[in-house]
Amino acid sequence: MPNRSRPESRPSVTPGVTALVPHHRSTPPHLKYLSGYPAHLLQQVQGLIDDGKLGDMLARRYPDQHEVRTDKALYDYVMDLKQRYLRSSEPLSKIAFDSKIKIIAHALGTHTMVSRVQGGKLKAKREIRIASLFKETPPEFLEMIVVHELAHLKEREHNKAFYSLCTHMAPQYHQHEFDLRLWLVWRELQPQSVGL
C-alpha cells in the first residue's frame, strides 16, 4: 500500500499536529512502515517511542478490538461493505485471512485475479486475502485494510480516484492507515509480538 498520490492525506500523531503529503526520503529501519512520510512526522513518532508513549497513545485512540476472527465472518464483513459501496463491481470468489502474507512496508492484504480455464474459456476470479495478523486489531484497522482491497475492484492503481473511493467508504481512511502503520512499528518494537 504505497503512500503515493494522496494530496488529501493529513494523518496526525497527536491532536493538532498534521502531516503533509508523504515524501520519499530514507527512513530509519525501525520506522520502515512509515517510509515516505515527512521527517518532522517521523521525529514526532520517534519522540513517542523514546518516551515509551506510542503504545499508550494507540491504546487510548483505539481501545476496542473487532470480532471478525474467522474466514466466514471476514467474508460476511467484506461482502457487507461491498454491497453497501460497490454493488456493481466484479464478484469476489474468495475472501480469507492468510497466514502466509508477510507484513512489509507496503502490503497488509492482497487482492488477486486468478485466471482459470472453465469450459474452454479463461475466467478471471477475484480474491481478497487479509494477513492473519489483523484478526486481533481495532475495528478501524480491519475496515481500512478491507476498504483498500475493495477499492482495487474499481481502481487498480494507487491514484487520486483510488484514494477518493477509499475515503468515500471510510472517511477517516488516511488517519486509520497512518495509525495502523504506527501500530505495526510499535508491535515490532515489543520484546514479543503482541496485540494492542
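Residues numbered from 1 in each chain as written. Predicted model: local features only at pLDDT ≥ 70, side-chain atom pairs only at ≥ 80, totals over all residues. Heavy atoms only, no water.

### Details of the overall build of the chain
Stage number 1. In terms of helices and strands, the chain carries six helices and three strands.
Stage number 2. Each helix and strand of the chain, placed in order from N terminus to C terminus, yields the pattern α-α-α-β-β-β-α-α-α.
Stage number 3. Of the contacts formed within the chain by residues at least 6 apart in sequence, a portion of 63% connects residues at least 24 apart.
Stage number 4. Summed over its atoms, the accessible surface of the chain is roughly 10000 Å², and 51% of this surface lies on carbon and sulfur atoms. (Helix = DSSP H or I, 4+ residues; strand = E, 2+ residues; numbered from the N terminus. Contact = heavy atoms within 4.5 Å. Areas by Shrake-Rupley, 256 points an atom, 1.4 Å probe, with all protein chains shown as cover.)

### Quick look at the environment of Leu 92
Stage number 1. With respect to the helices and strands, Leu 92 occurs in strand E1 (residues 92-98).
Stage number 2. For the pair formed by Leu 92 and Val 78, sequence separation is 14 residues and the distance between their alpha carbons is 9.7 Å.
Stage number 3. Ignoring anything within four residues of it in the chain, the contact list for Leu 92 reads Val 78, Met 79, Lys 82, Arg 126, Glu 127, Ile 128, Leu 150 and Leu 153.

### Examining the environment of Leu 34
Stage number 1. Relative to the elements of secondary structure, Leu 34 occurs in the segment before helix H1 (39-50).
Stage number 2. Distance from Leu 34 to Val 45, taken between C-alpha atoms, is 9.6 Å for residues 11 residues apart in sequence.
Stage number 3. The contact partners of Leu 34, leaving out residues within four places of it in the chain, are Thr 27, Leu 42, Val 45, Phe 178, Arg 181, Leu 182 and Val 185.

### Description of the side chain of Thr 137
Stage number 1. Structurally, the position occupied by Thr 137 is in the loop between strand E3 (121-131) and helix H4 (139-151).
Stage number 2. A distance of 3.4 Å separates a polar atom in the side chain of Thr 137 from the backbone oxygen of Phe 134.
Stage number 3. In this structure, Thr 137 is in contact with Asp 64, Gln 65, His 66, Leu 142 and Trp 183, ignoring residues within four places of it in sequence. (Polar contact = N/O pair within 3.5 Å; in protein donor to acceptor, adjacent residues only side chain to side chain.)

### Description of the packing of H1 against helix H6 (residues 173-189)
Stage number 1. Where H1 meets H6, the axes come as close as 12 Å, and the angle between the chain directions of the two elements is 40°. The orientation of H1 relative to H6 falls into the category oblique. Crossing of H1 against H6: the hand is right-handed. From H1, Leu 41, Val 45 and Ile 49 reach across to H6, where they touch Phe 178, Leu 182, Val 185 and Leu 189.
Stage number 2. Split by residue class, the contact of H1 with H6 holds seven nonpolar, no polar and no charged. (Axes fitted to C-alpha atoms, helices over the stretch in contact; angles between N-to-C directions. Parallel < 35°, antiparallel > 145°, perpendicular 65-115°, else oblique. Left-handed = near helix turned anticlockwise from the far one by under 90°. Nonpolar A, V, L, I, M, F, W, Y, C, P; charged D, E, K, R; others polar.)

### Let's talk about the packing of aromatic side chains
Stage number 1. A complete count under the given rule lists six aromatic pairs for this structure.
Stage number 2. With 5.1 Å between their ring centres and 65° between their planes, Tyr 37 and Phe 178 make a pair best called edge-to-face. Highlighted residues: Tyr 37 in the segment before H1 and Phe 178 in helix H6, separated in sequence by 141 residues. Take Tyr 37 and Phe 178: they sit in the same class, and that class is buried.
Stage number 3. A centroid spacing of 6.3 Å and a plane angle of 45° characterise the contact between Phe 134 and Trp 183, whose relative ring orientation is tilted. (Phe/Tyr/Trp six-rings, centres within 6.5 Å; stacked < 30°, edge-to-face > 60°. Buried < 20%, exposed > 50% of the residue type's maximum accessible area, 1.4 Å probe, protein only.)

### Quick look at H4
Stage number 1. Its 13 residues give H4 an end-to-end C-alpha distance of 18 Å, which sits within 8% of 18 Å, the value for a rise of 1.5 Å per residue.
Stage number 2. Most of H4 sits inside the fold, with 10 of its 13 residues counted as buried.
Stage number 3. For H4, the full list of buried residues reads Phe 141, Leu 142, Met 144, Ile 145, Val 146, Val 147, His 148, Glu 149, Leu 150 and Ala 151. (Expected span 1.5 Å × (residues − 1).)

### As for the confidence of the model for the chain
Stage number 1. The share of residues in the chain with pLDDT of 70 or more is 73%, and the mean pLDDT across the chain is 82.
Stage number 2. pLDDT under 50 marks residues 1-8. Its contacts with residues more than four places away, or in other chains, come to 32 contacts.
Stage number 3. Between residues 14-24, whose pLDDT stays under 50, and residues either more than four places distant or in other chains, the model counts 34 contacts. (pLDDT = per-residue confidence, 0-100.)

### Considerations on the nonpolar core
Stage number 1. Of all hydrophobic cores here, the largest spans 48 residues; its most connected members are Leu 34, Leu 74, Ile 130 and Leu 150.
Stage number 2. Listing elements by their share of this core, those giving two or more residues are H1, helix H2 (54-61), helix H3 (71-85), E1, E3, H4, helix H5 (160-169) and H6. (Core = buried A, V, L, I, M, F, W, Y, C linked by side-chain atoms within 4.5 Å.)

### With respect to H2
Stage number 1. Within H2, burial applies to Leu 54, Gly 55, Met 57 and Leu 58. Angular distribution of buried residues about the axis of H2 spans 165°; they occupy a single face of the element.
Stage number 2. Buried residues in H2 make contact with H1 and H6. (Arc of directions from axis to C-beta.)

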